[in-house]
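Chain by chain, the residues run as shown.
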Number of protein chains: 4
Amino acid sequence: MSTFGSLFRVTTYGESHCASVGAIIDGCPPGLELSAADVQVQLSRRRPGQSNLTTPRDEKDLVHIQSGIEHGVTLGTPIGLLVKNEDQRPKDYSETDLYPRPSHADYTYLTKYGIKASSGGGRSSARETIGRVAAGAIAERYLKQVYGIEIVAFVSSVGKIHLPAHVAPPSVAPNGDQDSDEAEDAVTPEFRRLLTTITREEVDKHPTRCPHLETAERMTQRIIRAKEANDSIGGTVTCVIRNVPAGLGEPVFDKFEAKLAHAMLSIPATKAFEVGSGFKGTEVPGSKHNDPFVLKDGKLGTSTNWSGGIQGGITNGEDIYFRIGFKSPATISQPQHTAQYDGTPGTLAARGRHDPCVVPRAVPIVEAMAAIVVMDQLLIQNARKTAASLLPPITTLPPTMVMPSKEKEASE
Amino acid sequence: MSTFGSLFRVTTYGESHCASVGAIIDGCPPGLELSAADVQVQLSRRRPGQSNLTTPRDEKDLVHIQSGIEHGVTLGTPIGLLVKNEDQRPKDYSETDLYPRPSHADYTYLTKYGIKASSGGGRSSARETIGRVAAGAIAERYLKQVYGIEIVAFVSSVGKIHLPAHVAPPSVAPNGDQDSDEAEDAVTPEFRRLLTTITREEVDKHPTRCPHLETAERMTQRIIRAKEANDSIGGTVTCVIRNVPAGLGEPVFDKFEAKLAHAMLSIPATKAFEVGSGFKGTEVPGSKHNDPFVLKDGKLGTSTNWSGGIQGGITNGEDIYFRIGFKSPATISQPQHTAQYDGTPGTLAARGRHDPCVVPRAVPIVEAMAAIVVMDQLLIQNARKTAASLLPPITTLPPTMVMPSKEKEASE
Amino acid sequence: MSTFGSLFRVTTYGESHCASVGAIIDGCPPGLELSAADVQVQLSRRRPGQSNLTTPRDEKDLVHIQSGIEHGVTLGTPIGLLVKNEDQRPKDYSETDLYPRPSHADYTYLTKYGIKASSGGGRSSARETIGRVAAGAIAERYLKQVYGIEIVAFVSSVGKIHLPAHVAPPSVAPNGDQDSDEAEDAVTPEFRRLLTTITREEVDKHPTRCPHLETAERMTQRIIRAKEANDSIGGTVTCVIRNVPAGLGEPVFDKFEAKLAHAMLSIPATKAFEVGSGFKGTEVPGSKHNDPFVLKDGKLGTSTNWSGGIQGGITNGEDIYFRIGFKSPATISQPQHTAQYDGTPGTLAARGRHDPCVVPRAVPIVEAMAAIVVMDQLLIQNARKTAASLLPPITTLPPTMVMPSKEKEASE
Amino acid sequence: MSTFGSLFRVTTYGESHCASVGAIIDGCPPGLELSAADVQVQLSRRRPGQSNLTTPRDEKDLVHIQSGIEHGVTLGTPIGLLVKNEDQRPKDYSETDLYPRPSHADYTYLTKYGIKASSGGGRSSARETIGRVAAGAIAERYLKQVYGIEIVAFVSSVGKIHLPAHVAPPSVAPNGDQDSDEAEDAVTPEFRRLLTTITREEVDKHPTRCPHLETAERMTQRIIRAKEANDSIGGTVTCVIRNVPAGLGEPVFDKFEAKLAHAMLSIPATKAFEVGSGFKGTEVPGSKHNDPFVLKDGKLGTSTNWSGGIQGGITNGEDIYFRIGFKSPATISQPQHTAQYDGTPGTLAARGRHDPCVVPRAVPIVEAMAAIVVMDQLLIQNARKTAASLLPPITTLPPTMVMPSKEKEASE
């Protein structure tokens, strides 16, 4: 269904050629200062036409807030918002419509519903993500103000062009000696430093949204090459969430990483997700992979962070980081040999403008879904923690079951 | 929370040292022949003590069905079931309890709840997965009988020991010429053949549950090496779901792959998930990555399957396959330098028996979660499809919006 | 939260003075012919200014459909819609704002959220029901077309003016001989006839929406009397749902009547709900209250219908009928002795225009919520029934567990 | 489905003749002292065989807690529990099985599932309520300890035998002068006093659980008369919840009274629900029905309480009270003229032992469902309130939107 989240909840509507796309965001804490401009910032980072790397279609994507805010302050009631579609006409019929576009949703939507929007991707259109980005911007504003939570995503690869291995090691080690015990560093010090310090300003310095400028330039060339070849190319986005309080995530089915994975794989064109050391971590022995505890600023932390800030499905206060793989866009401007709906083989003629690579524009969408997950889990944990805090302390429990007193002080 | 699924729904309870672990499975179709033995098969594949590669603790894990079945047939009402814990005593206090175990859930559970089970991993114990495996076995029985759906998972890597690249290419290409346009084959013909034909019998031929015997032997050595070094090692599990009808998956937040990712990342020790071409697919240009349509057995199918059986979040009838990364178990039998709850640095002494590598036992858990996702999505799509089928056909729609008549016949 | 339903789901937004009120309706079956006019009909029955019995404020309440429909046919995707608020200015501050209005939501909203909309009832405004009425109109269109389901609500009492006892007995018997065994007829033949035949056209013949014209006239006088006294008066609405298939309703927590009660008590100003024989039925011995089975049109039905079409929480195919009590509106145009927010006693001066009695306008809201409940339960039962129908029949069950063969034919 | 609640959630399983009935209670705050005995108290008040007014079948209904508690303290993890069924044999086939029992769930279950439990009511058996009562006992323990919340239900009528009108006025006024403006007192001072002071000890003084002893005696006679006539009789249960904090209840669909109604109408045999002044309140003009605010113990309260402690769907801190109607049990020991499943008319012979009147045993079930609703809503409001409390106060809002400063002090 079109709803995500339990206590902080976003519901979206809209296809690419209807009157508008929009969302209802329910569960925003009351008393938060919030304006349309706060939401617009991320919508503008998402919209097409930002550079020559994205689709030339320039849409304004201005958000219209309908409810839930008065005098610039949230009421705690649902925030309705919408962005008008510039071009609302259902598309004309054409020869190409005999063909389900390969690796698009045409065929599956038609199979699922028995009917499909006359044009574009219908609900699978990237315009659907507008509601998510708006919801994420609202969540983020709260998280930033109250917890200082920072969420920064950036492009870590385009095609085969990855951040240098010492900066951000790729998911799986090069094919070295398989029998060697020597573990590759899934998390290099430089990568951890990058995660700790990266800002959106730095990310936005380059249109690719890759923070390593030399790599960014190579990515640009790769994207332009795809564009000129009437082709497309995929990539990965890495995201870090800093300053998340320990204790978020619901055992056992709604572990923090499970909700994150759900959220990220719901973004169009995603094919892969890894958190912390990810696939590469599977190759590292436990003795090296385990994150030892240390005292940091008077609180228990870990000296390494292979776990990616989550242990047993629950956040531990360290940086949460994860990577998402986006496939190459299915829309390409070259003829494709495929079949019509009725099975007749043929060639689907080239189609119009499109993004040769979606990862730069995916950055704010990833940030938005991350913010929604954090906000929802935070509210759920609030409920429990407040309830527990009102109970009298129990003094008869064995010491294995409660926080040892010294740590208690340490953790507060 | 401890509930997963909307129309087919499993709720679990139980820690490692309480009276029993169990589950309530709600939404099973009525009229399905089902016995405890059907459930036991998968529980026995999951239980410890199956070989010298797993923990020596031998538990019987006999399932006791409490409700929902009479005369060997499901009533459609909730199926309650439980497996008794052999050792129910809360653990004694010991020196080691001063330490949160590195990369375990001790610290995060304590932070979350302010209290934790006196021993073992509490809810993060692998015993919690018993309820999932039971629920999955029930779902599977229905899916097999009615749709011929087959779900087979197998071990595709242990540490750095992967299936040979021509059999199952690893997630990311070797670091070749990054600027080359030459795409690696994320999905080799041999891999696709493996996915199409692999059976549980073949998987179970070797205790590692890797179907490539030569690789399986090398994995065994790797696991034994970890064991002898009082260490642990991770790995990956690949799973294929065959014969899933087209049309499953709910746009936009509950895309089929999003639910799969959620389900898989809720399994203990998982760190990564990829579906279809996965991370490697991000490096392949769209012109190669797109799956062309072809007529197969009178129905529209695709000649390649980089998509992994899912397009636009909806199944397309092709094989669904995905890979999950499991980290090295956090429990190791060697001393670890870490800190106590109160921050005092020290050495956590070695602990007792454990699995040096979890992936062989993870196989039935992965299959179970996959079955639960398919079953739930199938029921949801049933609801819609039945509702739509009762409406009169609409003849006035433009041809772009409906299945062209020839294909209609073709797809039926 | 602002979402109702699981497979057919409505989410609403909007206060009385924001830009618009609206809803997202998710889960509508694809392929249903639907236009804005279909929705407008019920919105217009709900809007104020229909007669001198309602608030003189005349709003057009024109619905703008944003998505989910193309060429007049539903796509199966979310239907976004909105109705603009004519007067969007947050209200000016006035003397009266020192007072929480008695029996309004001012005080409780402020306590809940710590902030409240500057004016009107915020989310507790009757304008919030616009989204419900729209969703109900959509559900109804499907239910009517496919099942011939008819939902008709009417006013059964205003203050003490009830439909005559032989037409529709009030909820509880007059205080007769308490020890007598003589049971009052909770369901008279004339009442049952009324339920079976009443149409919306008949209901709308009189502005009170009471189908018994003589009583309607007395109700009119009662409402005018309240209006002239600057006072208000409550009433009851009775609703019947005809032609609902047997088998809807989810044991055990989501019994059909439980969902109905939930839906009805979520309508502003409701205080009471009864289904079938209701409170009066509690006084009738089982031997009389039980509904004997009889063969009707070749199907099993019941000769009486004290059950109100629901047995064991599941519909049995008979007419479903229920009654809802609406309190007298809290807004009255006379001074009230009460206290300010700070506890200072004082007199709250009279306020402006309002409905002296809400029940006539509540009629379409009741119908809408009923339609949403039926639609949602129908989809859920579709899922199960379709799944069960694909299983082979089981021949080894004892005859007590399956439909006896003769009835089987009878029920099909 | 068999799950109720969102953050405090109970899931139940079990039919009357399976191995056990049980429940999983998820979301209980961690750190609560809780033993099986705490749960047993309410189970024992629910079980049959307590007096000659109930079914002679004497079952022990001993609860076995499986998980979620160690050393007598809740862990915050799911609490699994079960009660064994004494008689687990599926019933033998008999002549009477040709008949669906009138007003039972036999026919509707069979229609819904296509199969039904071989005997008894299956899931519609009263034994299903065991899980609810256990969950309620756990919720109550928390609510009592932290908030001093008291939940007391009692029998307010059996058949036509009601509490005297001056003690507890029946739902609807006697048929007096319909045109008179004179309002009956829906809430007499004596009734309000009763609600304020009634305890479970007083309720349990008489086996009918009616606290007015003279009426209780007449009720006893009525029940015995029904029993001797091989008949049954219904009744009503009134319940009060005291000391609930203001601010609970979720606009707009999950209003506090809507969730209460849902919960209560999910109890077997219920037909009606009213909160506060209920149906009778519909006859009282607004000028009388409105509850004026007054300062009470330094907090804003109301001098009357027609609202029943809920305004705009949100609790206001006053006593919450409501009434539920239970129909006469469908199982009676006299022959009934009805039809067989195949439509053949005939006489269903008398059946065995049963409760001639369920209301005395319904009392703890009503209390349990009330506790679950309060607990769930409390946790949800905790989440919001804690989130809002962490935001800085906003000083620029117009005074109409925030709590006036004097009241702020008053309300704290």
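The rules behind these values
- Residues numbered from 1 in each chain as written.
- Chains lettered and ligands numbered in written order.
- Predicted model: local features only at pLDDT ≥ 70, side-chain atom pairs only at ≥ 80, totals over all residues.
- Helix = DSSP H or I, 4+ residues; strand = E, 2+ residues; numbered from the N terminus.
- Buried ≥ 20, exposed ≤ 12 C-beta atoms within 10 Å, placed from the backbone.
- Contact = placed C-beta atoms within 7 Å.
- Least-squares fit on C-alpha atoms with pLDDT ≥ 70 in both.
- Pairing = 2+ DSSP bridges.
- Arc of directions from axis to C-beta.
- Axes fitted to C-alpha atoms, helices over the stretch in contact; angles between N-to-C directions.
- Nonpolar A, V, L, I, M, F, W, Y, C, P; charged D, E, K, R; others polar.
- Expected span 1.5 Å × (residues − 1).
- Parallel < 35°, antiparallel > 145°, perpendicular 65-115°, else oblique.
- pLDDT = per-residue confidence, 0-100.

Colleague: How do you make sense of the overall build of chain A when you look at a structure like this?
Modeller: Summing up its helical and strand segments, chain A has 11 helices and 18 strands in all. A total of 412 residues make up chain A; the buried ones form 68% of that total. Sequence-distant contacts, at least 24 apart, represent 73% of the contacts inside chain A between residues at least 6 apart.

Colleague: Just to check I follow, could you spell out the relation of the copies chain D and chain C for this structure?
Modeller: Both copies of the chain are placed relative to one another by a rotation about an axis and a shift along it. Here chain D sits on chain C after a turn of 180 degrees about the axis and a move of 0.0 Å along it, with an RMSD of 0.0 Å. This pairing of chains is accounted for by a two-fold axis. Taken as a fraction of all interface residues of chain D, those also at the interface in chain C reach 99%, which identifies the copy contact as same-surface.

Colleague: Which parts of the structure should I look at to understand the interface of chain D and chain C?
Modeller: Often the size quoted for an interface is simply the accessible area lost on bringing the parts together. Taken together, the contact pairs 118 residues of chain D with 117 residues of chain C. Counting residues per element, the side of chain D that touches chain C draws most heavily on helix 2 (residues 106-113) of chain D, at 6 residues. Across 3 bridges, the pairing between strand 11 (residues 270-275) of chain C and strand 11 (residues 270-275) of chain D is antiparallel. Following the sheet pairing, C:Glu274 is matched in strand 11 of chain D by D:Ala272.

Colleague: Looking at this model, I keep getting lost on helix 1 (residues 36-46) of chain A. Mind explaining?
Modeller: Along an α-helix, residues three or four positions apart point the same way, because every turn accommodates 3.6 residues. Residues and elements named next belong to chain A. Along helix 1, the residues classified as buried are Val39, Gln42, Leu43, Arg45 and Arg46. End-on, the buried residues of helix 1 take up no more than an arc of 160 degrees, which puts them together on one face. The inward-facing, buried residues of helix 1 abut strand 4 (63-65), helix 3 (129-147) and helix 10 (359-389).

Colleague: Where do I start with the relation of the copies chain A and chain C in this structure?
Modeller: Of the two same-sequence chains, chain A is brought onto chain C (RMSD 0.0 Å, axial shift 0.0 Å) by a rotation of 180 degrees. Comparing interface residues between copies, 100% of those in chain A also lie at the interface in chain C; the contact surface is shared.

Colleague: Just checking my understanding: could you explain the sheet that holds strand 1 (residues 3-4) of chain B for this structure?
Modeller: To summarise the sheet geometry, strands pair through backbone hydrogen bonds and adopt either a parallel or an antiparallel arrangement. Residue and element names in this part refer to chain B. Reading across the sheet, the 5 strands line up as 1-2-3-7-4 and stay open at both edges, with antiparallel pairing between neighbours. Of all the strands in the sheet, the pair left with one neighbour each is strand 1 and strand 4 (63-65). Looking at chain direction, strand 1 and strand 2 (residues 9-13) are connected through 2 bridges and run antiparallel. Following the sheet pairing, Thr3 is matched in strand 2 by Thr11. The strands touched by helix 3 (residues 129-147) within the sheet are strand 2, strand 3 (20-26), strand 4 and strand 7 (79-84), with strand 3 carrying the most contacts at an inclination of about 35 degrees.

Colleague: I'm lost on the pairing of strand 13 (residues 299-302) of chain A in this one. Help?
Modeller: Put simply, side chains in a regular strand alternate between the two faces of the sheet. All names here are of chain A. For strand 12 (residues 293-296) and strand 13, the ladder comprises 4 bridges, and the chain directions are antiparallel. Opposite Lys296, over in strand 13, you have Lys299 as the bridge partner. Adjacent in sequence and paired antiparallel, strand 12 and strand 13 are bridged by 2 residues, among which Asp297 carries a positive phi angle near 50 degrees.

Colleague: Would you mind going over the sheet that holds strand 2 (residues 9-13) of chain A with me for this structure?
Modeller: Strands sit in the order 1-2-3-7-4 (chain A) across an open sheet of 5 strands; the sheet is antiparallel. Two strands in the sheet have a free side with no partner beyond their single neighbour: strand 1 (3-4) and strand 4 of chain A.

Colleague: How should I be thinking about the interface of chain A and chain C in this particular structure?
Modeller: Residue-level contacts link 38 residues of chain A with 38 residues of chain C. Sort the elements by how many residues they give to the side of chain A that touches chain C and strand 3 (residues 20-26) of chain A lands first, with 4 residues. For the side of chain A that touches chain C, the class distribution of residues is 14 nonpolar, 18 polar and 6 charged.

Colleague: Mind showing me how you'd approach helix 3 of chain A here?
Modeller: All names here are of chain A. Its 19 residues place the ends of helix 3 26 Å apart at the C-alpha level, agreeing with the 27 Å of an ideal helix rising 1.5 Å per residue. Across the 19 residues that make up helix 3, a large majority, 15, are buried. Gly148 sits one or two residues past helix 3 and shows a positive phi near 65 degrees.

Colleague: Can you walk me through unusual backbone geometry in this structure?
Modeller: Each neighbour pair has its own omega, and for A:Pro251 with A:Val252 the value is 0 degrees, a cis peptide bond. Position of A:Val252 relative to the elements: it lies in the loop between strand 10 (235-242) and helix 7 (256-265). Non-glycine residue C:Ala269 carries a positive phi angle of around 75 degrees. In this fold, C:Ala269 is placed in the loop between helix 7 (256-265) and strand 11. Given 21 C-beta atoms within 10 Å, C:Ala269 falls into the buried group.

Colleague: I'm lost on the environment of B:Leu391 in this one. Help?
Modeller: Turning to its location among the elements, B:Leu391 is positioned in the loop between helix 10 (359-389) and helix 11 (405-411). Residue classification places B:Leu391 among the partly exposed residues on the basis of 18 C-beta atoms within 10 Å. Each C-alpha atom, one on B:Leu391 and one on B:Asp254, is 25 Å from the other, the two residues being 137 residues apart in sequence. If sequence neighbours within four positions are ignored, B:Leu391 has contacts with C:Pro29, C:Gly31, C:Leu32, C:Gln145 and C:Val146.

Colleague: Honestly, the environment of C:Val41 in this entry has me stumped. Any pointers?
Modeller: Structurally, C:Val41 can be placed in helix 1 (residues 36-46). Placed 353 residues apart in sequence, C:Val41 and C:Ile394 show a C-alpha to C-alpha distance of 48 Å.

Colleague: Quick question: what am I supposed to make of the packing of helix 1 of chain A against helix 10 of chain A here?
Modeller: When two helices pack together, you describe them by how their axes are tilted relative to each other and by the distance separating the axes. All names here are of chain A. Interaxial distance between helix 1 and helix 10 falls to 7 Å at its minimum, and their mutual angle equals 140 degrees. Comparing their axes, helix 10 and helix 1 come out oblique. For the pair helix 1 and helix 10, the contacting residues are Gln42, Arg45 and Arg46 in the first and Arg361, Val363, Pro364, Ile365 and Ala368 in the second. Partitioning the contact of helix 1 with helix 10 into residue classes produces 4 nonpolar, 1 polar and 3 charged.

Colleague: When you look at the pairing of strand 17 (residues 336-339) of chain D in this model, what are you seeing that I'm missing?
Modeller: Here strand 17 of chain D runs beside strand 18 (residues 345-348) of chain D; their pairing, made up of 4 bridges, is antiparallel. Bridge pairing in strand 18 of chain D places D:His337 opposite D:Thr347.

Colleague: How should I be thinking about the environment of A:Val358 in this particular structure?
Modeller: All names here are of chain A. Checked against the element boundaries, Val358 lands in the loop between strand 18 (345-348) and helix 10. Taking the C-beta count within 10 Å as the criterion, Val358 has 26 such neighbours and is therefore assigned buried. Each C-alpha atom, one on Val358 and one on Phe326, is 7.7 Å from the other, the two residues being 32 residues apart in sequence. Contact partners of Val358, with chain neighbours within four places excluded, come to Ala269, Phe326 and Pro329.

Colleague: What is the right way to look at the confidence of the model for chain A in this model?
Modeller: Close inspection of predicted coordinates is inappropriate for parts of the model with low pLDDT. All names here are of chain A. Confidence along chain A averages 90 in pLDDT terms, with 89% of residues attaining 70 or more. The low-confidence segment residues 173-177 (pLDDT under 50) makes 7 contacts with residues lying over four places distant or belonging to another chain. Long-range and interchain partners of residues 406-412, a stretch whose pLDDT sits below 50, account for 15 contacts in this model, where long-range means more than four residues apart. Predicted complex, confidence summary: ipTM 0.95, pTM 0.96.

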